[in-house]
Amino acid sequence: MNDKTWWKHSVVYQIYPRSFKDSNGDGFGDLPGIIEKLDYLEKLGIDVIWLSPVFDSPQDDNGYDIRDYRSIYAGFGSNEDMEELIQKAHERKIKVVLDLVANHTSDEHVWFVESRKSKDNPYSDYYIWKDPKADGGEPNNWGSCFCGSAWEYCQERGQYFLHFYSKRQPDLNWENPKVRQEIYDLMKFWMEKGADGWRMDVIASISKDQNYPDYPERENQKYYTGKYHSNGPRLHEFLHEMNQEVLSKYDCMTVGEAPGSTPEVARLFTDPKRQELNMIFTFEHMNIDRVPGSVNRKWELKPFDLRELKQVMSAWQNKLYNQGWNALYFENHDQPRVISRWGNDTTYREACGKAFATVLHGMQGTPYIYQGEEIGMTNVAFKLEDYEDIEVRNAYQELVVNNKTISEDQFRKAVWNKSRDNARTPMQWDDSEHAGFTTGKPWFQLSDRYQEINVKKALEDQNSIFYYYRDLIALRHQEPLLTEGKYQLILEEDQQIFAYLRSTDQECWLVAANLSETCRSSQILKPFGGEREEIKICNYKRTSLDQELRPYEAFMMRVR
């Protein structure tokens, strides 16, 4: 397809390289391991691979701390392996999108090593440095997203530097045109080698309010995250410049990670007339099971309410229609497994996996599948000390040990439900030792369910979640309605059924899923049926709207 908007017809598969496939027995996934599995991905039918960061890094935050943007991290392989992966993917008509981490670097990046030496060297203002307050304290009360202050004192300069994440991830100063040029150059470096686009890590944070105002204070809280951490005053100017300097010169796709964005803000990023990005990831639907404004942040859980999920996802569908484009996802490297989080990962695991997939892939936008989602991988329940993620470790120290705002038991349950490590356990290829991920000792614990849930088993069963995903992807390729059709939510207040219509002038489809463990009468859907009820895909056998809706039953049906 020569169409410049090929990404609208595509399905993306996200790979977290360290957990995907290890080719050399060191227990750590790598690029040759991904090359080995390209036939598997071709069989699934996906169009694009998005690789989580693969560049050289001390791995303080699993590669989101980059030391050298032009070299591949040795644990993953070499630059030659990367070029081979791109070439072999292209031979299978699969595109490769890389992860651009441009809000911050590693503190071992040569720019920072130089920057911290003095106030008057060529790299001095590549990062954000501020003098201490009169009492020696931090310049303001901004917090790190990994807990604690967002400021770290540097003895050599007698100043603080800003870090929105780990103190080993100093934020770049995008106000400096030299920094921007460095980023554009490294993007071109990889695009000249065949990369097909970029997923842009926390890109909404690259512009900071230059007044660095304090957040309003609250009791029991010293540091804050919020509106000053994203969507800064020059954000769209920087993105437009990046588009003009780099993106417009290549046939590529872009997706920005934009925490704190509403559908209205998303239009600024994604309206084609503005020439910024193709789409952004929203977090609104990912935050519906946390208590808003809690000092315990994402670890303060509230019960899942399907009505909220429907409301948020539908607002994005409707408000971006003809004014932007949605990136559709339930899972990624930062999110737990959706069937464990909001569904049933035991009795109805397979039906549930297919039901959530049906809801997502029936919407307008580009669907993203996270590794293992297509076989119904689940959350894990490890001991707290066995978690690898810096986010869990820091939150435990600050919230449970220091501040005592959440009990250890509550925190553990939240970690089992929400931790990023749920998605980072090694991919389950077969039922052999270490699930076929490695012949060595895996870098991280495996799920204890790999003998029951694995690729080998999924490929042998024609009714598996894998083949259902393959059919969903094929539908996206064959049916223009899924790309172009209008979206209309129905049964807004129903607490168990997620149903909507997709329509063009020529036809109308009903997409419905019973996201509960009880049977429901399908009479409630009858008014939306038609003279012809043609099933396009379903996860139970169904011919019409006359049968009741079974637990986690889902289908797409052409009704006009």
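Note: the structure precedes this text.
Residues numbered from 1 in each chain as written. Predicted model: local features only at pLDDT ≥ 70, side-chain atom pairs only at ≥ 80, totals over all residues. Heavy atoms only, no water.

### Details of the nonpolar core
L51, M82, M187 and F498 are the most contacted members of the largest nonpolar core, which has 151 residues in total. At eight residues, the largest contribution of residues to this core is made by helix α14 (residues 465–478). Apart from residues lying up to four places away in sequence, M187 is in contact with L100, W198, M200, M242, V246 and L247. Among the nonpolar cores identified, the runner-up in size contains 15 residues, and F146, A150, W151 and L162 belong to it. (Core = buried A, V, L, I, M, F, W, Y, C linked by side-chain atoms within 4.5 Å. Buried < 20%, exposed > 50% of the residue type's maximum accessible area, 1.4 Å probe, protein only. Helix = DSSP H or I, 4+ residues; strand = E, 2+ residues; numbered from the N terminus. Contact = heavy atoms within 4.5 Å.)

### So, the packing of aromatic side chains
By the definition in use, this model includes 44 aromatic pairs. For the pair Y123 and Y126, a centre-to-centre distance of 4.8 Å together with 70° between the ring planes defines the contact as edge-to-face. Residue Y123 is classed as partly exposed on the basis of its relative accessible area of 25%. Measuring from ring centre to ring centre gives 6.0 Å for F498 and Y500, while their planes differ by 75°; the resulting arrangement is edge-to-face. In this structure F498 comes out as buried when scored by relative accessible area, which is 0%. Classification of Y500 as buried rests on a relative accessible area of 0%. Counting every residue linked through ring pairs, the aromatic cluster contains W142, W151, F164, Y212, Y215, Y224 and Y228. The ring of W6 has K95 sitting right over it, with the charged end atom 4.7 Å from the ring centre. (Phe/Tyr/Trp six-rings, centres within 6.5 Å; stacked < 30°, edge-to-face > 60°. Lys NZ or Arg CZ within 6 Å of the ring centre and 35° of its normal.)

### Notes on the packing of helix α10 (residues 349–361) against α14
For any two helices packed against each other, the geometry comes down to the angle between their axes and how far apart the axes lie. At a minimum axis distance of 10 Å, the contact between α10 and α14 shows a crossing angle of 15°. Viewed along their axes, α10 and α14 adopt a mutual orientation that is roughly parallel. Along this stretch, α10 crosses α14, giving a crossing that reads as right-handed. Residues R349, E350, G353, K354, A357, T358 and H361 of α10 form the contact with α14, whose own contacting residues are I465, Y468, Y469, L472 and R476. Its residues placed into classes, the contact of α10 with α14 shows five nonpolar, three polar and four charged. (Axes fitted to C-alpha atoms, helices over the stretch in contact; angles between N-to-C directions. Parallel < 35°, antiparallel > 145°, perpendicular 65-115°, else oblique. Left-handed = near helix turned anticlockwise from the far one by under 90°. Nonpolar A, V, L, I, M, F, W, Y, C, P; charged D, E, K, R; others polar.)

### Thoughts on the pairing of strand β13 (residues 366–370)
Across the five residues of β13, five count as buried, placing the element largely inside the fold. Covered by surrounding structure in β13 are T366, Y368 and Y370 together with P367 and I369, the residues of both alternating faces. Where strand β1 (residues 12–15) and β13 come together, three bridges link them in parallel fashion. The residue of β13 that forms the bridge with Y13 is I369. Across two bridges, the pairing between strand β12 (residues 327–328) and β13 is parallel. (Pairing = 2+ DSSP bridges.)

### So, the pattern of salt bridges
This structure, assessed with the given rule, holds 50 salt bridges. Salt-bridge contacts for E493 lead to R307; the nearest nitrogen and oxygen are separated by 3.9 Å. With E493 in the loop between β14 (486–490) and β15 (497–503) and R307 in helix α8 (residues 306–319), this pair connects stretches of sequence that are 186 residues apart. E493 sits in the exposed class, given a relative accessible area of 60%. Among the ionic pairs, D389 bridges to R424, the shortest N-O distance being 3.9 Å. Of this pair, D389 sits in the loop between β13 and α11 (390–402) while R424 sits in the loop between α12 (408–418) and α13 (455–460); the two residues are 35 residues apart in sequence, bridging distant segments of the chain. Judged by relative accessible area, which is 3%, D389 ranks as buried. (Salt bridge = Lys/Arg side-chain N within 4 Å of Asp/Glu carboxyl O.)

### Considerations on the packing of helix α5 (residues 177–191) against helix α6 (residues 235–245)
In contact at an axis separation of 11 Å, α5 and α6 are set at 40° when each is read in the N-to-C sense. Relative to α6, α5 is oriented oblique. Our pair here, α5 against α6, has a crossing hand that is right-handed. For the pair α5 and α6, the contacting residues are R180, Q181, Y184, M187 and K188 in the first and F238, E241, M242 and E245 in the second. For the contact of α5 with α6, the class distribution of residues is four nonpolar, one polar and four charged.

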